[in-house]
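# Geometric and topological summary
The lines below spell out each chain.
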Amino acid sequence: MQRTGILYVISAPSGAGKSTLCRELLDIFPELRHSVSFTTRNPRPGEVDGRDYFFISREEFQRMVAEGGFAEWAEVHGNLYGTALKTLRHCRETGIDLLLDIDCQGAAQLKNKQVAGVNIFILPPSFKELRRRLEGRNADTPETIETRIANAAAEIREAGWYDYIIVNDTFSRAVEELKAIIVAERHRTGCIIHNLPAEFRLGTV
Ligand code: ADP
Ligand code: 5GP
């Protein structure tokens, strides 16, 4: 019997470095998969449909909502984003570990539905640095940047109910800390038990 896949749910205010950190983790752990979300936002330069997101219209998104196709979905900074139920089911059943880069509303929905997952929150070192990173990314209009900064304080208040908090100050240290969480969660007894030699019989107290 194989173990079920682990869901690593990662949230952060926009610009904290979550996408960059997630890309690094996917390089380090090739067996870890990125959950490709659906969104109504327009693709940024360099983003690829089906790899970064499934880019769909509001009508298509609402149809999926009505059909119960999402495990969670939310409006974030004026656009709709959602994780397909199918994606989570497939990974659970096949034992694939999945990285979910979703906002705190979506993470809270999964927690409330008692979907088992490891909730990790990424903080920037300061609001000043958050702004610097958003502006330095050169991906958003000044209005979009202001919306994202205005939303950051409320998002950060949500960090208190996450299982882990990582401050993304020095990038390499944040990566090491995330690696430690991923490895530790894979060594929980409930995960390891399925991979032990058959001759071992574990007792309980
Ligand atoms: P998010 O996905 O959280 O919105 P990104 O991963 O796009 O954020 O990062 C925002 C910007 O900050 C990018 O230009 C990225 O290269 C930069 N960045 C990420 N982590 C760090 C860090 N630890 N120190 C300095 N810059 C960083
Ligand atoms: P971006 O537009 O910068 O790619 O993402 C904006 C925000 O939407 C980020 O906080 C990101 O985590 C969140 N997001 C991306 N995909 C999903 C999703 O499927 N569900 C939810 N709830 N949020 C998502």
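Just above, that's the structure.
The structure presented is a predicted model; accordingly, all values stated were derived computationally and were not measured. (Residues numbered from 1 in each chain as written. Chains lettered and ligands numbered in written order. Predicted model: local features only at pLDDT ≥ 70, side-chain atom pairs only at ≥ 80, totals over all residues. Heavy atoms only, no water.)

Helix and strand counts for the protein come out as eight helices and nine strands. Expected size for 205 residues packed as a compact globule is a radius of gyration near 17 Å; at 18 Å, the protein falls within 12% of this value. Every one of the 205 residues in the protein was classed for burial, and the buried ones make up 43%. Looking at the protein alone, contacts between residues at least 24 apart form 68% of all its contacts between residues at least 6 apart. Counting every atom, the protein has about 11300 Å² of accessible surface; 53% of that belongs to carbon and sulfur. (Helix = DSSP H or I, 4+ residues; strand = E, 2+ residues; numbered from the N terminus. Rg over C-alpha atoms; globule rule 2.2 N^0.38 Å. Buried < 20%, exposed > 50% of the residue type's maximum accessible area, 1.4 Å probe, protein only. Contact = heavy atoms within 4.5 Å. Areas by Shrake-Rupley, 256 points an atom, 1.4 Å probe, with all protein chains shown as cover.)

What follows covers the site of ligand 2. Residues in contact with ligand 2 amount to 17 residues; listed here are only the nearest, Lys18, Ser37, Arg41, Tyr53 and Tyr81. Interatomic distance of 2.8 Å between a side-chain N/O atom of Glu72 and a nitrogen atom of ligand 2. Side-chain polar atom of Tyr81 to an oxygen atom of ligand 2: 2.5 Å apart, as the coordinates give it. Here ligand 2 has 510 Å² of accessible area as a free molecule, and 95% of this is covered by the chains. (Near = heavy atom within 4 Å. Polar contact = N/O pair within 3.5 Å; in protein donor to acceptor, adjacent residues only side chain to side chain.)

Here we take up the packing of helix H5 (residues 127–137) against helix H6 (residues 142–157). Closest axis-to-axis distance for the H5/H6 pair is 11 Å, and the angle between their directions is 145°. Note that H5 runs across H6; the crossing there is right-handed. Where H5 abuts H6, its residues Phe127, Leu130, Arg131, Leu134, Glu135 and Arg137 lie against Ile145, Glu146, Arg148, Ile149, Ala152, Ala153 and Ile156. Taken together, the residues of the contact of H5 with H6 break down into eight nonpolar, no polar and five charged. (Axes fitted to C-alpha atoms, helices over the stretch in contact; angles between N-to-C directions. Left-handed = near helix turned anticlockwise from the far one by under 90°. Nonpolar A, V, L, I, M, F, W, Y, C, P; charged D, E, K, R; others polar.)

Time to look at helix H7 (residues 171–186). Across its 16 residues, H7 extends 23 Å between first and last C-alpha, which sits within 8% of the 22 Å expected from 1.5 Å per residue. Of all the positions in H7, only Ala174, Val175, Leu178, Ile181, Ile182, Glu185 and Arg186 are classed as buried. All buried residues of H7 lie within an arc of 130° about the axis, which places them on one face of the element. On its buried face, H7 is in contact with strand E1 (7–11), helix H1 (18–28), strand E8 (118–123), strand E9 (164–167) and helix H8 (189–192). (Expected span 1.5 Å × (residues − 1). Arc of directions from axis to C-beta.)

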